[in-house]
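Residue-level listing of the chains:
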Amino acid sequence: MAFFPSSGFHYHEVYSGGNRNGKSISLTFDDGPDPVLSPMILEVLKKYKIRAGFFLIGKRISGNEALVRQMSDYGHVIGNHSYSHTNLWDFRSSAKMAADMNKTSEAVKSVTGKKIHFFRPPFGVINPMVSGAVRKTGMKIVTWRFRSFDTTASSAEGLIEKTVKKVRPGDILLFHDSCRLTAGILEKLIVSLHERGLDFVPPDELLNLPAYE
Ligand SMILES: [Zn+2]
């Protein structure tokens, strides 16, 4: 779609990672909460005392409130990953996107009492409408530097090997807590990344940016 004005349009600042010279990285999980897989992931993170980021799809919160509360209580960062996560998201007006995003933020606030600040666009697309919606809602766009492609990975070993080889200090890593493969490899992955000398911090700490208002 040729929809970009030739001038006067500026993308919002996008936060995708932190300091390259340290040893910290940040795990983030999209598309939850998932009633089966998110608890498995939370269990592993707790075992290794790791706080991560969860970018939630708003329509999945209903019925999974206890899970969202558990994420928040442990100190994981909760972000907004739209309410609908529809394939048609990229074609919506900024007003419709903002209304959709607000529904997720309100759902999270009603469960955790926190007003969330981070937004990760569905499918990672940042177009002028997304930028307009972010301006309207006052949120910050938080993306990633390392995309695991976990949902389309063909083998556990391959996913671990690629991740351990390619991740660098300062990276925000994108996984999905809706992905069975990810839930299955997480412990091995954490151990391997620790062995590489990397530490895990939540994304707000890596970015030095407040996750809540
Ligand atoms: Zn997604």
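The notes below deal with the structure included here.

## Notes on the pairing of strand β8 (residues 172-176)
The buried fraction of β8 amounts to five of the five residues, a majority that puts the element mostly inside the structure. Here β8 shows no split at all, with Ile172, Leu174 and His176 on one side and Leu173 and Phe175 on the other all buried. The sheet contact formed by strand β2 (residues 24-30) and β8 spans five bridges and is parallel. By the bridge assignment for β8, aspartate 30 is matched with histidine 176. Bridge count between strand β7 (residues 146-147) and β8: two bridges; the pairing is parallel. When the sheet's bridge partners are listed, phenylalanine 146 is paired in β8 with leucine 173. Handedness of the crossover joining β7 and β8 through helix α5 (residues 156-166): right-handed.

## Focus: helix α6 (residues 180-195)
Helix length check: α6, at 16 residues, gives a terminal C-alpha distance of 24 Å against a target of 22 Å (1.5 Å per residue), a fit within 8%. Maximum bend of α6: about 50°, positioned at leucine 186. Here α6 has its buried residues at Thr182, Ala183, Ile185, Leu186, Leu189, Ile190, Ser192 and Leu193. Looking at the buried positions of α6, the neighbouring elements they touch are β2, α1 (37-47), α5, β8 and β9 (199-200). Note on α6: the residue one or two positions beyond its end, glycine 197, has a positive phi of about 90°.

## Quick word on the side chain of histidine 117
Its location among the elements puts histidine 117 in the loop between α3 (94-112) and β5 (118-119). Among the polar contacts made by the side chain of histidine 117, one reaches the main-chain carbonyl oxygen of proline 210 at a distance of 3.2 Å. Contacts of histidine 117, omitting those with residues within four sequence positions, involve Gly138, Met139, Lys140, Pro210, Ala211, Tyr212 and Glu213.

## Quick notes on the packing of aromatic side chains
Across all of its chains, the model carries three aromatic pairs by this definition. Arranged with centres 6.4 Å apart and planes meeting at 35°, the rings of phenylalanine 29 and phenylalanine 175 form a pair that is tilted. Pair noted here: phenylalanine 29 is in strand β2 and phenylalanine 175 is in strand β8, with a separation of 146 residues, a long-range link. Taking relative accessible area as the criterion, phenylalanine 175 reaches 0% and is therefore assigned buried. Summarising the aromatic geometry, the rings of tryptophan 89 and phenylalanine 119 are spaced 6.2 Å apart at their centres and angled 40° between planes, so their arrangement reads as tilted. Taken together, the positions of tryptophan 89 in the loop between β4 (77-80) and α3 and phenylalanine 119 in strand β5 put the pair 30 residues apart, joining distant regions of the chain. Among the aromatic residues, those joined into a cluster by ring pairs are Phe29, Phe54 and Phe175. Positioned above the aromatic ring of tyrosine 212, the side-chain terminus of lysine 114 is 4.9 Å from the ring centre. In this structure, arginine 120 packs its charged tip against the face of phenylalanine 55, placed 4.0 Å from the ring centre.

## Thoughts on the coordination of the zinc ion
Note on the zinc ion: its protein donors are Asp31 (OD), His81 (NE2) and His85 (NE2). The metal-donor distances range over 2.1 to 2.2 Å. Counting gaps between the donor residues of the zinc ion yields the pattern D-x49-H-x3-H. Placement of aspartate 31 in the loop between β2 and α1 and of histidine 81 in the loop between β4 and α3 is noted, with a sequence separation of 50 residues between them.

Calculation notes
- Residues numbered from 1 in each chain as written.
- Predicted model: local features only at pLDDT ≥ 70, side-chain atom pairs only at ≥ 80, totals over all residues.
- Heavy atoms only, no water.
- Buried < 20%, exposed > 50% of the residue type's maximum accessible area, 1.4 Å probe, protein only.
- Helix = DSSP H or I, 4+ residues; strand = E, 2+ residues; numbered from the N terminus.
- Pairing = 2+ DSSP bridges.
- Right-handed = clockwise from strand over helix to strand, strands pointing away.
- Expected span 1.5 Å × (residues − 1).
- Bend = angle between axes of the 7 residues up to and from the residue.
- Contact = heavy atoms within 4.5 Å.
- Polar contact = N/O pair within 3.5 Å; in protein donor to acceptor, adjacent residues only side chain to side chain.
- Phe/Tyr/Trp six-rings, centres within 6.5 Å; stacked < 30°, edge-to-face > 60°.
- Lys NZ or Arg CZ within 6 Å of the ring centre and 35° of its normal.
- Donors = N, O, S within 2.8 Å, 3.2 Å for Na, K, Ca; no water.

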